[in-house]
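Each chain is listed here by its residues.
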Amino acid sequence: MKKSRSILSLMGLILAMVLQVTVAATDGALTNQWIKERANQWYAEQAWIVGCNFIPSTAINQLEMWQAETWDPQTIDQELLWASKLGMNSVRVSLHDLAWEADAEGLKKRIDQFLTIAAKYEIKPTLVIFDDCRSVENSGWLQSPGNVVVNDPAQWGRLERYVKDILSTFGNDQRILFWDLYNEPGNSGQATKSLPLLKATFKWARSVNPTQPLSVGIWNDGLKELNDFQLAASDIITFHRYGMAADLMSEIETFKKHGRPLLCTIWLRHGHSDAATVLPVFKQENVACYNWGLVSGKVQTIWPWGTKEDAIAPDCWFHALLRNDGTPHDPQEVELFRNITEISVREESTARPLTVAHRGVSKYAPENTLPAFELAWEQGADAIEGDFRLTKDGHIVCIHDRTTRRTTEMNRVVADSTLDELRALDAGAWFAEEFTSTFIPTLTEVLATVPAGKKIYIEVKCGAEIIPALLEDVKQSGLSHDQIVVISFKPNMLKELKAAAPDWKISWLVSFRKSRLGKIAPTYSAVLETLASIQANGLSTSRNFVDAFFISLLTEKGIGHHVWTIDDGKTAKRFQKLGTKSITTNVPEDIQSAYHPSPVESAPA
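For every chain, the first residue of its written sequence is number 1, and the numbers climb from 1 along that sequence. It should be noted that, the model being predicted, local features are given only for residues of pLDDT at least 70 and side-chain atom pairs only at 80 or more, the latter also being counted only at that level, while totals for whole chains, interfaces and linings use all residues. No hydrogens and no water enter the side-chain calculation; it runs on all heavy atoms of the structure.

Attention now moves to the overall build of the chain. Within the chain, the regular secondary structure consists of 23 helices and 19 strands. For each residue, the accessible area found with a 1.4 Å probe, counting protein chains only, is set against the maximum for its type, and the residue is called buried under 20%, exposed over 50%, and partly exposed in between. Relative to its full complement of 605 residues, the chain shows a buried share of 57%. Contacts between residues were defined by any pair of non-hydrogen atoms, one from each residue, lying within 4.5 Å. A separation of at least 24 residues holds for 68% of the contacts in the chain among residues at least 6 apart in sequence. Secondary structure counts use DSSP, requiring at least four H or I residues in a row for a helix and at least two E residues in a row for a strand, with both numbered from the N terminus.

Printed below as a string of structure tokens:
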């Protein structure tokens, strides 16, 4: 019996010693740690978290983002808007201890402003306190606080004040999702030398006891001692993974055993962890995810690791999703984000686009003739579209082709013919006998058919030489500027017209195509640049290679999107959901009946 008691006493002593060692080792790091039930309840209250590691494209590092001299809320606002249009509801953002040391109150004001901007787009940021990582693609990125300070506890006094000040200020701020206390501890050759500061950081943060969870992400499987502590001390489990989908699934299954929410705080490396294969895994497993990089900028994340500074931009980016004008590097990738986050569904438009009769009702009457335009109005079209050219003697006539060969009995070049010569031709017999003796109308005659409250889209098929006559004919018609939209494939002509008549609405016609290499041309960036240079009010495109994200970019810039030529109801409804302002069709009556029911809206050019 005495022996049994001695054994029990010895076991108790050993257990006490183990507990004492554990407490000493953590030294307060686990105080106030969330129990699993609280962590899982917090996660259940969130929508599926999807975001990116964010720094504005105008900043090369954390200091340039946060210091007063280079603080850029305009770019931050713009780029967080783009993030929201991808369906992102969080961003992971790095702070820096030196920004706090130089201007603590100013930094906190800027953090508050950042949170306000993010909240406007329903984005909850995650804030990163320290960072051991030296970026291999961006030599300007800064460690915080840096290896020298990490390894010198005598300098930690200011770090403790920094951590406690930031968390005390924002520890109850519901605009913040969670705190990522230390990015990649042990990186840059530090290994376990970073463990003491890591433990101290948890202790400082726990003493504040914020209402948001704390975590530090697993990033290197070889750092077992660090990893064990991070898993033991974190409220939620965060990790970095650039691997393929199969590797990701294996990682997720391993981490699930800990019974806490899972969040991947760094992923996306084109050619390895691609959105097409990896993003669906995150959604399926309900694992939060933050891809590396949003907008290509000074951080240079589009280049592979180890790329020389003078290298040209790669065709396939290493990280990031958008160019600095908001257009996607890979439209299919962006559309995947929008679809999987269901932002495309939430943004669906119910407004009915204008129905524009293409060359009149050209399915049932000869194109670009008065009978075709009159039938369009009878069928309830909101607008008509016609093609116009200048004759030899300075009149504007309605005809699509350069010559009359296809739509009349003779072959005349319109620009080399007089109005009388063209009026002598039959523009209806080729279509059907009942339209025999239909003539080529003038712009003046077509304008006279436009009822009050309706529009005409004037497609100019020639150059700027038409502008004086066009201005005069429209003036004499009595139609308002709101009823007239001039469209053309020729941006220079539109630019000259806009200079001559600033109040007129103009829309540039563009047909996207895909090269053998899979590239879309012209690029979205080039299109936006041209639209800005000519001060266009609208962009008219064919149906191909146009998605909701691109249309949202146009809308954001005050440019309406228009599409031609759609004759089936299914495609018309798709473009209605995308937010297209007008649909040009050969069968306006059929398209009108295909729209989702909603009040008719006046659509901008």
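After presenting the structure, the write-up continues.
The subject of this paragraph is helix 19 (residues 491-500). Of all the residues in helix 19, the buried ones are Met493, Leu494, Leu497 and Lys498. Relative to the axis of helix 19, the buried residues are bounded by an arc of 135 degrees and lie together on one face. The exposed residues of helix 19 that point more than 90 degrees off its buried face are Asn492 and Ala499. The directions from the helix axis to the C-beta atoms are what the arc is built from.

In this section: the pairing of strand 1 (residues 50-53). Following DSSP output, two strands are said to pair if at least two bridges run between them. As judged from the four bridges shared by strand 1 and strand 8 (residues 288-292), these two strands associate in the parallel manner. In the sheet register, Val50 faces strand 8, and the bridge partner there is Cys289. Bridge count for strand 1 against strand 2 (residues 90-94) is three bridges, and the pairing is parallel. Residue pairing in the sheet places Cys52 in a bridge with Val91 of strand 2.

What follows concerns the environment of Cys133. Along the chain, Cys133 turns up in the loop between strand 3 (124-131) and helix 7 (147-150). On the basis of relative accessibility, which here comes to 17%, the residue Cys133 falls in the buried class.

We now examine the pattern of salt bridges. Note on definitions: salt bridges are taken to be side-chain nitrogens of Lys or Arg within 4 Å of carboxyl oxygens of Asp or Glu. Under the definition given, this model contains 25 salt bridges. Across the pair Asp103 and Arg110 runs a salt bridge, and its minimum N-O distance is 3.2 Å. We classify Asp103 as partly exposed; its relative accessible area is 30%. On the basis of relative accessibility, which here comes to 10%, the residue Arg110 falls in the buried class. Among the ionic pairs, Asp382 bridges to Arg352, the shortest N-O distance being 3.2 Å. With Asp382 in the loop between helix 15 (370-378) and strand 10 (383-390) and Arg352 in the loop between helix 14 (343-346) and strand 9 (354-358), the pair connects residues that are 30 residues apart, well separated along the chain. When its relative accessible area of 9% is taken as the criterion, Arg352 is described as buried. Linked through salt bridges whose partners overlap, the residues forming this network are Arg359, Glu367, Asp387, Asp401 and Arg406.

Looking now at the nonpolar core. In terms of nonpolar packing, the biggest core is built from 91 residues, with Phe114 and Ile166 touching the most fellow members. Setting aside residues up to four positions removed in sequence, Phe114 forms contacts with Phe54, Met65, Trp66, Trp71, Ile76, Leu80, Val91, Val93 and Pro125. Remark: nonpolar core denotes a set of buried residues (Ala, Val, Leu, Ile, Met, Phe, Trp, Tyr, Cys) joined through side-chain atoms within 4.5 Å. Grouped together as the second largest cluster of nonpolar side chains are 59 residues, Ala376, Ala536, Ile566 and Ile591 included.

On to the confidence of the model for the chain. Known as pLDDT, the predictor's per-residue confidence is scaled from 0 to 100. Overall, the predicted model of the chain reaches an average pLDDT of 90, with 90% of residues at or above 70. Predicted confidence is poor over residues 1-25, with pLDDT under 50, and the contacts of this stretch with residues over four places away or in other chains come to two contacts. Across residues 598-604, confidence stays below pLDDT 50; counting only partners more than four residues off in sequence or on other chains, it has 15 contacts.

For strand 8, a buried count of four out of five residues is recorded, marking the element as mostly surrounded by other parts of the structure. In this structure, strand 7 (residues 262-267) lies alongside strand 8, joined through three bridges in parallel fashion. Across the sheet, the residue bridging to Trp267 is Asn291, located in strand 8. Think of it like this: strands point away, you trace from the first strand over the helix to the second, and a clockwise trace means the crossover is right-handed. Viewed along the sheet, the connection from strand 7 through helix 12 (residues 275-285) into strand 8 turns out right-handed.

Right, let's get into the sheet that holds strand 2. If you trace the eight strands from one edge of the open sheet to the other, you get 5-4-3-2-1-8-7-6, paired in parallel fashion. The open sheet has two free edges, formed respectively by strand 5 (214-215) and strand 6 (237-240), since each of these has just one partner strand. Relative to strand 5, strand 4 (residues 179-183) is paired through two bridges, and the arrangement is parallel. Along strand 5, the bridge assignment pairs Trp179 with Leu214. Each axis is a line fitted through C-alpha atoms, and for a helix only the stretch in contact is used; angles between axes span 0 to 180 degrees, taken between their N-to-C directions. Its contacts with the sheet put helix 9 (residues 195-208) on strand 3, strand 4 and strand 5, and the angle it makes with strand 4 is roughly 165 degrees.

Now for unusual backbone geometry. Pro145 follows Ser144 through a cis peptide bond whose omega is 5 degrees. Tracing the sequence through the fold places Pro145 in the loop between strand 3 and helix 7. Geometrically, the link from Ala521 to Pro522 is a cis peptide bond, its omega value of -10 degrees lying close to zero. Residue placement: Pro522 occurs in the loop between strand 16 (520-521) and helix 20 (524-534).

This next bit is on the packing of helix 6 (residues 104-120) against helix 8 (residues 156-170). At a minimum axis distance of 11 Å, the contact between helix 6 and helix 8 shows a crossing angle of 40 degrees. Regarding the angle of helix 6 to helix 8, the classification is oblique. Considering how the two elements wind past one another, helix 6 and helix 8 form a crossing that is right-handed. Judged by residue contacts, Ala104, Leu107, Lys108, Ile111, Asp112 and Leu115 of helix 6 engage Asp165, Ile166, Thr169 and Phe170 from helix 8. Each residue gets one label: Ala, Val, Leu, Ile, Met, Phe, Trp, Tyr, Cys and Pro are nonpolar, Asp, Glu, Lys and Arg are charged, and the others, such as Gly, are polar. Partitioning the contact of helix 6 with helix 8 into residue classes produces six nonpolar, one polar and three charged. With respect to orientation, any angle under 35 degrees is reported as roughly parallel, any angle over 145 as roughly antiparallel, any angle of 65 to 115 as roughly perpendicular, and every other angle as oblique. If you view the pair so one helix is near and one far, a crossing is left-handed when the near helix is turned anticlockwise from the far one by less than a right angle, and right-handed when it is turned clockwise.

Our focus in this paragraph is the packing of aromatic side chains. Working definition: an aromatic ring pair is given by the centre-to-centre distance plus the angle between the planes. Ring pairs shown here join Phe, Tyr and Trp side chains whose ring centres sit within 6.5 Å, with only the six-membered ring taken for Trp; geometry is labelled stacked below 30 degrees between planes, edge-to-face above 60, and tilted in between. In total, this model carries 18 aromatic pairs according to the counting rule given. Measuring from ring centre to ring centre gives 5.1 Å for Phe239 and Phe255, while their planes differ by 40 degrees; the resulting arrangement is tilted. Of this pair, Phe239 sits in strand 6 while Phe255 sits in helix 11 (residues 245-256); the two residues are 16 residues apart in sequence, bridging distant segments of the chain. For the pair Phe239 and Phe255, a shared accessibility class is recorded, and that class is buried.

Attention now moves to the environment of Asp330. Counting through the fold element by element, Asp330 comes out in the loop between strand 8 and helix 13 (331-340). A relative accessible area of 30% places Asp330 in the partly exposed class. In sequence terms Asp330 and Lys519 are 189 residues apart; their C-alpha atoms lie 8.9 Å from each other. Whenever two N or O atoms come within 3.5 Å, that pair is a polar contact, provided that in protein one can donate a hydrogen and the other can accept it, and provided that, for residues adjacent in sequence, both atoms are side-chain atoms. For Asp330, the side chain forms a polar contact with the main-chain nitrogen of Gln332, separated by 3.0 Å.

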